[in-house]
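Reading the structure
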Amino acid sequence: MRFHKSSKTAAIVALALATSLSVASCGSDGKEPNTGIGKGSGPVKDPASPQTVTFFSWVGNEPQMKQMAAEFNKRHPNITIKFENAPAEQAQQVLSTRIAGNTAPDVAYINASDTSDYAARGALVDLGGYMERSEIVKPDNYVDGFKTFVTWNDKMWGLPFDGETTGLFYRTDRFKEAGIDGPPKTWDEFKAAAEKLTDTANGKYGFEMFASESAYYWYPWLYQAGGDALTKDGKDIAFDSAQGKTAADFYVNLAKYSPRDYLNSNSYDGRVAFAKGDVAMYVAGAWFAGTLADEYPKITGKWAAAPLPDGVAGCKTTIAGDSLVMFNKTKVSDAAWLWMEFLSQPDNLANWTYKTEGTLLPPTKSLLGGADLAKEKPVLKPFADLMSCGVASTVSNPKYPRIETILNEELGKAIYGDQTAAEALDNAAQQGRAILAH
């Protein structure tokens with residue numbers, strides 16, 4: 001999460017996901033998860049003799065993480081944190097291979113959406129026992145969407161640690177020129193604004209979209225229409241529903257207000273058109289705020305962020321994030337929990353997310369709703385507000401990455417005008433159901 005994936009990277013990660021989950025299933029030996037770890041009464045105590053907790057992630061070299069480990073060691077001198085790092089784009093495959101080889105770390109920082117997959121394969125520790133004994137970690141304080149990511153069989157197998165939502169960026173100068181008072185709050189207002197802001201003769205457009213990332217940026221509209229990617233049990237395609245087709249038709253037709261030259265680009269490279277003012281509205285994660293501030297300081301004050309417009313199902317958006325998990329092969333579970341609990345302290349969550357130079361958000365309701373976040377980083381306030389609308393999609397089925405690749409291709413064809421939005425969903429659903437059946 002502390003990096004932005006391009007569409008190419010996303011495709012590689014999706015392929016790695018499908019492969020690594022297959023590997024991981026071999027490593028679980030079909031055993032039920034160990035649910036006895038963490039049971040007891042009262043706060044977890046420090047070990048009486050020195051212990052080492054291995055911590056796998058792609059953020060171990062981050063200065064803030066090193067600083068937190070040093071502070072933890074001062075408070076818990078008998079516990080040493082040993083960082084085990086891997087590149088972000090390779091982390092999942094490396095970790096799954098280690099699980100298969102029974103060499104899993106004690107604790108790992110992972111994509112939150114992967115938590116249930118590891119739990120279902122018996123690789124993780126049910127954290128319920130530890131949370132019942134903690135005065136710091138309170139399950140009810142986590143945003144519902146992030147809690148859904150780390151829940152499997154009604155048990156929490158991970159602690160949400162950071163995240164982001166997808167929101168709307170808009171050029172305030174272009175809006176003022178067009179006589180538009182503020183960001184659109186409904187689909188109708190969004191379409192009307194996109195049309196009014198588009199002047200193809202002068203190379204000005206109301207919106208920017210990317211065929212190469214069509215599925216990901218379509219999901220918010222799908223959720224707002226009341227649809228979902230898969231059925232609740234994750235066993236059948238749901239995106240070809242009537243709600244899905246309504247969302248796809250609306251989304252695909254926005255291409256007429258988008259510069260065609262950028263359709264084959266991606267949401268990172270496309271930032272240039274927004275920075276130049278050629279595009280007035282841009283849908284992206286909170287990472288985009290940091291990118292604009294760092295790379296285009298001259299347009300500060302000429303853009304703002306807002307929640308996505310509401311659909312018939314109300315406020316909905318995509319969320320992504322990371323979680324902390326403990327592996328059930330650990331021999332130092334209490335020490336591992338103390339490390340996870342320390343990282344989850346409010347001050348550490350704040351320092352890791354909105355109090356850094358990045359644009360990550362904390363996963364807890366208390367921090368998101370607090371005055372400190374708006375004061376420290378005002379641009380993140382709209383994204384914090386959207387957290388309550390975040391949808392943890394039903395795409396944990398390990399076959400879904402293959403389906404999403406097809407959905408992306410089919411929606412991309414529709415964006416280019418080669419087929420209708422309904423045809424795109426029907427074609428993707430037909431191929432997707434064949435994948436799910438095998």
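Below is a short write-up of the structure. It should be emphasised that the depicted structure is a prediction, and the values quoted were computed from it without experimental measurement.

Focus: the overall build of the chain
Check the secondary structure of the chain and you find 19 helices and ten strands. The C-alpha atoms of the chain give 22 Å as radius of gyration, which agrees with the globular expectation for 438 residues (22 Å, within 12%). For the C-alpha atoms alone, the extent of the chain along its principal axes is close to 75 × 50 × 35 Å. Counting every position in the chain, which comprises 438 residues, the buried fraction comes to 56%. Across the chain, every contact between residues at least 6 apart in sequence was considered, and the portion connecting residues at least 24 apart equals 78%. Summed over all atoms, the accessible surface of the chain reaches about 18,300 Å², with 49% contributed by carbon and sulfur. When the 44 positive and 52 negative side-chain charges of the chain are each reduced to one mean point, those points stand 2 Å apart.

Let's talk about the packing of aromatic side chains
Between two aromatic rings, the relevant description is the distance of the centres plus the angle of the planes. Overall, the coordinates contain 31 aromatic pairs when judged by the stated rule. Here Trp221 and Phe250 contribute two aromatic rings whose centre-to-centre distance is 5.3 Å and whose plane-to-plane angle is 50°, an arrangement assigned as tilted. Of this pair, Trp221 sits in helix 9 (residues 214-224) while Phe250 sits in helix 10 (residues 242-253), and the two are 29 residues apart along the sequence. For the residue pair Trp221 and Phe250, the accessibility class agrees, reading buried in each case. In this arrangement the basic side chain of Arg271 is found over the ring face of Tyr268, its NZ or CZ atom lying 4.1 Å from the centre.

Some words on the environment of Val279
Here Val279 lies in the loop between helix 11 (271-276) and strand 7 (281-285). Distance in space between the C-alpha atoms of Val279 and Lys204 is 6.2 Å, their sequence separation being 75 residues. Ignoring sequence-local partners within four residues, the contact set of Val279 consists of Arg171, Arg174, Tyr205, Phe207, Glu208, Pro259, Ala273 and Phe274.

Some points on helix 13 (residues 333-343)
Counting buried positions along helix 13 yields ten of eleven residues, so the element is predominantly enclosed. Those residues of helix 13 lying buried are Ser333, Ala335, Ala336, Trp337, Leu338, Trp339, Met340, Glu341, Phe342 and Leu343.

Basis of the calculations
- One numbering rule holds for all chains: residues counted from 1, following each sequence as written.
- Where local features are concerned, this predicted model is filtered to residues with pLDDT of at least 70; where side-chain atom pairs are given and counted, the filter is 80 or more; whole-chain, interface and lining totals use all residues.
- Side-chain measures here rest on the full set of heavy atoms in the structure, leaving out hydrogens and waters.
- Note on conventions: DSSP H or I runs of at least 4 residues are helices, E runs of at least 2 residues are strands, and numbering of each starts at the N terminus.
- For this measure, only C-alpha atoms enter the radius of gyration; the expected value for a globule follows 2.2 Å times N^0.38, where N is the number of residues.
- Residue burial is assigned from relative accessible area. The probe radius is 1.4 Å, only protein chains are included, and a residue is buried under 20% of its type maximum, exposed over 50%, and partly exposed in between.
- Residue contacts are defined here by distance: any two heavy atoms, one from each residue, within 4.5 Å place the two residues in contact.
- All accessible-area figures derive from a Shrake-Rupley calculation using a 1.4 Å probe, and residue coverage is judged against the displayed protein chains alone.
- Counting rule applied: Lys, Arg positive; Asp, Glu negative; His and chain ends not counted.
- Charge positions come from single atoms, namely NZ of Lys, CZ of Arg, CG of Asp or CD of Glu.
- Pairing of aromatic rings covers Phe, Tyr and Trp, the last through its six-membered ring, and needs centres within 6.5 Å; plane angles under 30 degrees mean stacked, over 60 mean edge-to-face, and all others mean tilted.
- Placement of a charge over a ring requires the Lys NZ or Arg CZ to be within 6 Å of the ring centre, with the centre-to-atom vector within 35 degrees of the ring normal.

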